[in-house]
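# Breakdown of the fold
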Amino acid sequence: MDETLRQLGELLLGSIPTIVLFGIVWIAYRVIVHGALKRALTQRRSQTVGAAEKAKADVAIAERKTAEYEEKLREARHAIYKSQEARRQQVLDRKTIAIAQSKEAAETLVMNARAEIKRDTEAAKASVQAESSNLAREIIRAILRSGAAAKLPVGGR
């Protein structure tokens, strides 16, 4: 057992320079690398978080602008539809007026045509009346002549 303790003591004594060297390396790491590494990681994290927050803010601004553009687009479409409807209404009003004028002109033409037909009918009736009187007289003369010729003697006297 003594031998084991003695070997253990030698091992401990031999490991002291390693322990001291490890302590120096650890202290140097903490002083030189760890502080710079921690600052770099903190800076990267803040930049990453900052970039993410900036990206979120940019997305929110873009969404707001998109909503504004869509609203303006809706308003522009509405204005276009209103102007188209106004133009359609104007065309419809013009057509209605043109139809009314055409109907009025057609009614005037029909009334004039009816009046002309009535005058022509009256003139035709008067002409037929006059012709029928003349024809009746000629028929009567013809009948009277044939009746008078039948009463005359055959010899001519």
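Everything here concerns the structure above.
A few points on the structure. What you are looking at is a predicted structure, and each value in this text was computed from that prediction instead of being measured.

## Thoughts on the overall build of the protein
A tally of helices and strands in the protein yields 1 helix and 0 strands. A principal-axis box enclosing the C-alpha atoms of the protein has dimensions of 210 × 35 × 20 Å. Counting over 157 residues, the protein shows a buried share of 0%. Approximately 14400 Å² of the protein is accessible, and the part contributed by carbon and sulfur atoms is 64%.

## Observations concerning the pattern of salt bridges
Within the structure shown, the criterion is met by 5 salt bridges. In this structure, Asp58 engages Lys54 in a salt bridge whose closest nitrogen and oxygen atoms are separated by 3.3 Å. Of the two residues, Asp58 and Lys54 are both situated in helix H1 (residues 2-151); the distance of 4 residues between them amounts to about one turn of the helix. Taking the relative accessible area as the measure of exposure, Lys54 reaches 52% and is therefore exposed.

## A closer look at a nonpolar patch on the surface
Taken together, the side chains of Phe22, Trp26, Ile27, Tyr29, Val31, Ile32, Val33, Leu37 and Leu41 present a nonpolar region at the surface, about 940 Å² in accessible area. Within the element layout of this structure, Ile32 appears in helix H1. Of the residues examined, Ile32 reaches a relative accessible area of 58% and is grouped as exposed.

## Focus: the environment of Ala105
Examined against the element boundaries, Ala105 turns out to sit in helix H1. For the pair Ala105 and Thr48, spaced 57 residues apart in the sequence, the C-alpha separation amounts to 83 Å.

Conventions and cut-offs
- Residues numbered from 1 in each chain as written.
- Predicted model: local features only at pLDDT ≥ 70, side-chain atom pairs only at ≥ 80, totals over all residues.
- Heavy atoms only, no water.
- Helix = DSSP H or I, 4+ residues; strand = E, 2+ residues; numbered from the N terminus.
- Buried < 20%, exposed > 50% of the residue type's maximum accessible area, 1.4 Å probe, protein only.
- Areas by Shrake-Rupley, 256 points an atom, 1.4 Å probe, with all protein chains shown as cover.
- Salt bridge = Lys/Arg side-chain N within 4 Å of Asp/Glu carboxyl O.
- Patch = residues over 30% accessible without salt bridge, like charges linked within 9 Å, V, L, I, M, F, W, Y side chains within 5 Å.

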